[in-house]
Amino acid sequence: MNTVLGRRSRILAATTATAGLLLVAGCSSDDDGGSAAKTAAGGVEVVKAGQLTVCTHLPYPPFQSEIDGKVQGFDVALVDLVAKNLGVKQEILDTPFENFKTGAFLNAGQCDLGAAGMTITEERKKNVDFSDPYFDATQAVLVDKKSGITSFDGLKGKKVGAQAQTTGEDYAKEKGFDPVSFESSDAVLNGLRTGQVEAVIIDYPVVQGWLKDKANADAFQVVDNLNTGEQYGFTVKKGNTKLVAALNKAITDAKADGTYKKLYEQWIGPYDESAASASPSASS
């Protein structure tokens, strides 16, 4: 996003990629297949000429979701800064979340990077390289206000939900729960709304986005915020040091010039200074 976020027109592409739905930022670029044309500024190799192809998993507000026919969010805005520095356009490909653990879409040359509110973990570092952290995250426990649950400890014996393949699901399992797994964050909320589960464990920024809606705020409440020490990073194919450097530069510059704060307040909520002081990842 130029001055940011999804203000550039994004349209649903007419074609469907094997991994998922292609969402294009701006006009389609000319892919002439030439290797020179597939080199962006700074010598960064891209899988398709003139664009930075980004795999994500929709919806995951406030990081990425389709709003008014455009994919927008905090992650999208930050990656747009990278694309601008590289002199290309961002193009988004919706893919299954399990691909983010294995890096399959990166290794197959479908995407240049992954952006999906993804927590940096040692297990994932075995398959992909991460950018520096760009967001500190916690896990929230969200319940129906009529449930009588007042804390994480009150979940014992209750039916708990989480998004499949996420650290929220992992945390629930580590604590002895057998969580009901949902494919997307929207499905998690719907599971709570329809009584399939009595509580959900999911990233707090996602819950913040939900509670901006008055109907959700009237029905649900956060009863605990679990500091799991998680940090989000963007992923690239292992060994792609030039793209990692480009990502890190954009993150550092955005924090230094106030752009990060602006985007944070637009998409996440009141700015937390600690969000801008995350220690660099050792993964790259």
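Residues numbered from 1 in each chain as written. Predicted model: local features only at pLDDT ≥ 70, side-chain atom pairs only at ≥ 80, totals over all residues. Heavy atoms only, no water.

Enquirer: Can you break down the confidence of the model for the chain residue by residue, with the values?
Expert: Scored by pLDDT, the chain comes out at a mean of 83, with 82% of its residues at no less than 70. Confidence drops under pLDDT 50 across residues 24–36; counting only partners more than four residues distant or on other chains, this segment forms 25 contacts. A low-confidence stretch, residues 275–284 stays under pLDDT 50, and its non-local contacts, those more than four residues away or across chains, total 29 contacts. (pLDDT = per-residue confidence, 0-100. Contact = heavy atoms within 4.5 Å.)

Enquirer: Tell me what's going on with the side chain of Gln90, and back it up with residues and numbers.
Expert: Inspection of the secondary structure puts Gln90 in strand β6 (residues 89–94). At 3.2 Å, the side chain of Gln90 forms a polar contact with the backbone oxygen of Val76. Within the structure, Gln90 has its side chain in polar contact with the side chain of Asp80 (distance 3.2 Å). (Helix = DSSP H or I, 4+ residues; strand = E, 2+ residues; numbered from the N terminus. Polar contact = N/O pair within 3.5 Å; in protein donor to acceptor, adjacent residues only side chain to side chain.)

Enquirer: Describe the pattern of salt bridges, with residues and values.
Expert: Going through the model one piece at a time under the given rule, you end up with 5 salt bridges. Between Asp218 and Lys214 there is a salt bridge whose closest N-O contact spans 2.8 Å. Of the two residues, Asp218 and Lys214 both sit in helix α8 (residues 214–219), 4 residues apart, roughly one turn of that helix. Overall, the relative accessible area of 60% leaves Lys214 in the exposed class. (Salt bridge = Lys/Arg side-chain N within 4 Å of Asp/Glu carboxyl O. Buried < 20%, exposed > 50% of the residue type's maximum accessible area, 1.4 Å probe, protein only.)

Enquirer: Tell me what's going on with the nonpolar core, and back it up with residues and numbers.
Expert: Membership of the largest hydrophobic core comes to 49 residues, with the highest contact counts inside it found for Leu52, Phe74, Leu86, Leu113, Phe135, Trp210 and Leu243. When neighbours within four sequence positions are excluded, Leu243 is seen to be in contact with Val44, Leu52, Leu86, Asp112, Leu113 and Val236. By size, the runner-up hydrophobic cluster in this structure holds 13 residues, among which are Phe152, Tyr171, Ala172 and Phe177. (Core = buried A, V, L, I, M, F, W, Y, C linked by side-chain atoms within 4.5 Å.)

Enquirer: With reference to specific residues and values, describe the packing of aromatic side chains.
Expert: Taken as a whole and assessed by the stated rule, the structure comprises 17 aromatic pairs. Ring centres 6.1 Å apart and planes at 65° place the aromatic pair Phe74 and Phe135 in the edge-to-face group. Of the two residues, Phe74 is situated in helix α1 (residues 74–86) and Phe135 in strand β9 (residues 135–144); the sequence distance between them amounts to 61 residues. For Phe74, a relative accessible area of 0% translates into the label buried. A residue is classified by how much of its surface remains accessible, and Phe135, at 2% relative accessible area, is buried. (Phe/Tyr/Trp six-rings, centres within 6.5 Å; stacked < 30°, edge-to-face > 60°.)

Enquirer: Would you mind going over the environment of Asn227 in detail, with residue names and values included?
Expert: Inspection of the secondary structure assignment puts Asn227 in strand β13 (residues 220–232). The exposure class assigned to Asn227 is exposed, which follows from its relative accessible area of 67%. Asn227 sits 88 residues away from Gln139 along the chain, and the two C-alpha atoms are 6.6 Å apart. Here the side chain of Asn227 touches Gly229 through a polar contact of 3.2 Å, landing on its backbone nitrogen.

Enquirer: Lay out the packing of α1 against helix α9 (residues 241–257) in plain terms, naming residues and giving numbers.
Expert: Here α1 crosses α9 at 115°, and the two axes come no closer than 9 Å. Handedness of the crossing formed by α1 with α9: right-handed. In this structure, α1 contributes Leu81, Val82, Asn85 and Leu86 to the contact, and α9 contributes Leu243, Ala246, Leu247, Ala250 and Ala254. Of the residues contributing to the contact of α1 with α9, the split by class is 8 nonpolar, 1 polar and no charged. (Axes fitted to C-alpha atoms, helices over the stretch in contact; angles between N-to-C directions. Left-handed = near helix turned anticlockwise from the far one by under 90°. Nonpolar A, V, L, I, M, F, W, Y, C, P; charged D, E, K, R; others polar.)

Enquirer: Give a description of the sheet that holds strand β12 (residues 199–203) that names residues and reports values.
Expert: Strand order in the open sheet formed by 5 strands is β11-β10-β12-β9-β13, and the pairing between neighbours is mixed. The two strands at the open ends of the sheet, each matched to only one other strand, are β11 (180–182) and β13. Shown here is a sheet whose adjacent strand axes are inclined to one another by a mean of 25°, direction ignored. Across 5 bridges, the pairing between β9 and β12 is antiparallel. Bridge pairing in β12 links Val141 to Ile201. (Pairing = 2+ DSSP bridges.)

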